[in-house]
Amino acid sequence: MAVKAVLFLNALIASIWCAPSRRCEPGEEILGWCKPPVEHKPKCSEVVLGSCDDMPYTHTVFPNLVGQRHREDVEASVEYLLLSVVRSLLNGECSPELRMLGCSVLAPRCQDGRPTRPCRHVCEAVRRRCEHGFDTIRMAWPYFLDCDRFFVSEEEGCYDPLEGLRGEETPEMLAASVAPQESATILQFVYHTHTQLLNTLKRTAAHCPDIARTYTIGRSSEGKDLTVIEFSSNPGQHDILEPEVKYVANMHGNEALGRELLIYLAQYLCSEYLLGNARVQTLVNSTRIHLLPSMNPDGYEIASAEAQQGGDIDYDEEGRYEGFMTGRGNGQNIDLNRNFPDLTSIAYSRRRHRYYRTDHIPIPDAYWFGKTVAPETYAVMKWIRSIPFVLSASLHGGDLLVSYPYDLSKHPQEENLMSPTPDEQVFKQLARVYADSHRTMTSHHTEPCGSDFTDRGGIINGAQWYSIRGGMADFNYLHTNCFELTVELGCDKFPPEEELYNDWQDNKEALLSFLEAVHRGIKGLVMDEEGRGIKGAVISVKGIRHDITTAENGDYWRLLTPGIHIVTASARGYVRSMKKVYLPARLQKAGRVDFTLKKAPLDLDEDDYVPAIPSTYERFDPYNQFARYNVRDVAESGIERQENPWWWSYFARSTGTAPNWLLKVD
Ligand SMILES: *[C@@H]1O[C@H](CO)[C@@H](O)[C@H](O)[C@H]1NC(C)=O
Ligand SMILES: [Zn+2]
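Rules and cut-offs
Residues numbered from 1 in each chain as written. Chains lettered and ligands numbered in written order. Predicted model: local features only at pLDDT ≥ 70, side-chain atom pairs only at ≥ 80, totals over all residues. Axes fitted to C-alpha atoms, helices over the stretch in contact; angles between N-to-C directions. Helix = DSSP H or I, 4+ residues; strand = E, 2+ residues; numbered from the N terminus. Parallel < 35°, antiparallel > 145°, perpendicular 65-115°, else oblique. Left-handed = near helix turned anticlockwise from the far one by under 90°. Contact = placed C-beta atoms within 7 Å. Buried ≥ 20, exposed ≤ 12 C-beta atoms within 10 Å, placed from the backbone. Pairing = 2+ DSSP bridges. Near = placed C-beta within 6 Å. Nonpolar A, V, L, I, M, F, W, Y, C, P; charged D, E, K, R; others polar.

Asks: Even after reading the chapter, I still don't get the packing of helix H5 (residues 97–106) against helix H6 (residues 120–136), so can you show me in this structure?
Replies: Describing two packed helices takes the angle between their axes plus the distance from one axis to the other. The N-to-C vectors of H5 and H6 enclose an angle of 140°; their axes lie 11 Å apart at closest approach. In terms of their interaxial angle, H5 and H6 are classed as oblique. Viewed along their axes, H5 and H6 form a crossing whose handedness is left-handed. Residues Glu 97, Leu 98 and Leu 101 of H5 touch H6, and the partners they reach there are Cys 123, Val 126 and Cys 130.

In C-alpha cells:
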C-alpha cells in the first residue's frame, strides 16, 4: 500500500512538472486535447505485437489509444494479455474479432504520423454478439473496448479493424451475421471445486429465475450441501401431469465427469432457454428436471486432491488418471451405491407368492439397525420419496455403457447372471435412448475400456455386468415409481481437463434425449366421479408385475414400449376400471389415458379390491426427519460468499496487478 502511494505521488509530481497545460488522460494526448511532452510525440512504426500481426495495416503508433507509450508497456499490460487469451477464455467464441478489435485500440493504425480510429459500428456489432460470452464467465466488457470512448463514427474518418476478415462481404452481410440468435451458449470446460459448483448453480438459477432454482436435500458426512438445481416452468412446485426426471452424478467421488456434465447441462439449459432454443424451451416447459451434480462432495474432494498431485502412480502411459478407489466412498468411506436398502432380495424371495409385487416394497426395519446409513444415502432416499419422479439416471465412470436393473443377481452365487425386472423391455428401450444418442457408445471404432459392449449396442442388464447389493437403481425401482438407469460415461473416471469439452460433446445429445424420454408411455389422471384426483391409486399393466401409483393430485405416468397394453386403475373403495391402449411407435408425447372410478358398492367382491400398499411404507423414517421439499432456495438462506471467477488468479498473477475492471458487477 505504502509503495503504491509513493509511486502515485511521483507520477503526480512528474505530470505537474512536465505538462504545461494539464495532465493527459489516456487517449487524450493523441487527440491533441492536452500537450504531450516532446519525446512522446506520436510516430508511425511497424506493428510488432505478436497478437496483432494480422491487422489490415502495417503501421501503428505509440502512445496508443489507452496511453501506453512503449511496446513493452503494452506487452506487459492486462489489456494485451486479455487479447492474447480471449480465444481460449471464450472457447473460440468471437475469435478473432475480439482480438482484432482490441488490437485496433492497443496498436491503432497510423497514417501520416497520426493515429486513425476504428469504427464505432464495428465495435457495437461485435459487442452485441459477444457480450453474452463475457457474462458467462463473469467478466465485464473490457473498458478499452468501450465503443463510445475509443471508437468513432464514419464521418470522423474511421476504418474497419476487421476488414481483413471479411473479404468480399458487404456491410449488410455483417449485419446479418450479428443477429442475436447467432450467439451460442459458452461453457467453461474446467473442473469445479465444491464452492465453485454451488456458486455456479446459484448463479445459473439467478440468471434464469423464471425456470430455475436451487435447493438442498441434505448434507454430506463432512457437512457439505447436497445441492440440486431444478428446471421447470414453475420452479419449486409439482405441476399436474408434468413428469419429473432427475440426474444424479458423482455418487462415487472419484467419478468426476458426470459432475461436470451436469454443471454444463444446467448452464446450457438456462442459456439456451433464454436464447430461444425451441427444443430446450419445449423440454423445460413440459418437464420438471432435477440435477444433483454431486451426491458425494467429500469423496470428490479427496479424489481431486489426488488427481491434482498427479504423482506418477496415478497416471498410465497415456496420461490418464488411474486412481481407482481413492475418493470413491463418502467421508466415512462408505460406498454409497451399496448403502441403499436391499429390496431386491426381498422381491426375489417373494417370487412364488400369489400377491408377489415388485413395487413399493417397504424398507425393512433391520436396515436401520444394521449397517451405517450414510447421510448422503439418507438424503437421497428422502428426496426420491418426496417427489414423484418418473425417470432417472445415475452418472458413473470407469466404463462406457448404460446398465439397467436389476443390479443384484437373482442367484446368490452367480455374479454375472441376467436378472431382468418385469419392465425389461421398457428399461432396454430407455437404455438405448442414451446409448444411441451418445457419440461413441455404440460405435465399433470406440476403444473398449475392458470388455467390448458395442455388440450389445452399449447396453447391459446390471446384474449380468456384475452383481451389486444395495444399489440405488434397484431401490428406485422397487420402492418408488421411478425408473433409474446407470450410465458409465467412459474409461476415465477423472479425465484430464482438456478432454472435458469433447466429453460434453459426446454426451450432450444423449443427456437431452434421455430427459425427453420421460414423455414416453402413458400418463393421465385417476379421478372420482366428482372429478377429484385420487391419490395413491394403482395403475397396473397386464403382463407387467410392477404397478405405478398416482401422485398427490391423482396424476400418474407409466413408461411403456409401443404396442397394445391393457391398463387398469384401481383404488381402495372404488370399482376398478380397465382400458385398452394402443401406443404407436412414433409417439412424441405420452399418450393421455384418464380414469374415472366409481365408488364401490358395499357388498364388495373380493376380486374388485386391491390389497392396499402396506402401511409400513409410511414408516420410512425412524429418525422422524421426513419433510417435503417445499424448501426455500439455497440462495435465500444466507449470504453467498463472493468468490472470484476461475480466471482471476491468472490475470492477477501474470501481471502483478489486480485488474478489477475485468470483474463483472452483478
Ligand atoms: C415456453 O414457455 C414460455 C413461458 O410460458 C413461453 O414464452 C415460450 O414460448 C414457451 N416455449 C415453447 C417452445 O413452448
Ligand atoms: Zn461408480
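Asks: Before we go on, may I ask you to explain the pairing of strand E9 (residues 389–396) in this structure?
Replies: Within a regular strand, side chains alternate between the sheet's two faces. In terms of residue burial, E9 counts as a mostly covered element, since eight of its eight residues are buried. Note that strand E7 (residues 244–249) and E9 share six bridges and pair parallel. From the neighbouring strand, Lys 246 faces E9, where its bridge partner is Ser 392. Both E9 and strand E12 (residues 483–490) contribute to a ladder of six bridges, which runs parallel. Looking at the pairing, Leu 395 lines up with Val 487 of E12.

Asks: Can you walk me through the site of ligand 1 in this structure?
Replies: Within the structure, ligand 1 sits among Ser 233, Ala 278, Gln 281, Thr 282 and Asn 285. Considered class by class, the residues forming the shell around ligand 1 number one nonpolar, four polar and no charged.

Asks: Would you take a moment to explain the pairing of strand E15 (residues 544–549) for this structure?
Replies: Here strand E14 (residues 538–541) pairs with E15 via three bridges, running antiparallel. Residue pairing across strands places Val 541 opposite Ile 544, the latter belonging to E15. Between E14 and E15, which pair antiparallel in sequence order, lie two residues; one of them, Gly 543, sits at a positive phi of approximately 90°.

Asks: Can you help me understand the sheet that holds strand E5 (residues 212–219) in this one?
Replies: Hydrogen bonding along the main chain pairs the strands of a sheet, whether they run parallel or antiparallel. Taken in spatial order, the eight strands line up as E5-E6-E8-E7-E9-E12-E10-E11 in an open sheet, and their pairing is mixed. Strands with a single pairing partner mark the edges of an open sheet, and in this sheet they are E5 and strand E11 (459–461). For this sheet, the mean inter-axis angle between neighbouring strands, taken without regard to orientation, is 25°. Against the sheet, helix H11 (residues 257–275) touches E5, strand E6 (225–231), E7, strand E8 (288–292), E9 and E12, its axis set at about 140° to E7. Sheet strands touched by helix H19 (residues 472–479): E9 and E12. Its angle to E12, the strand with the most contacts, is close to 160°.

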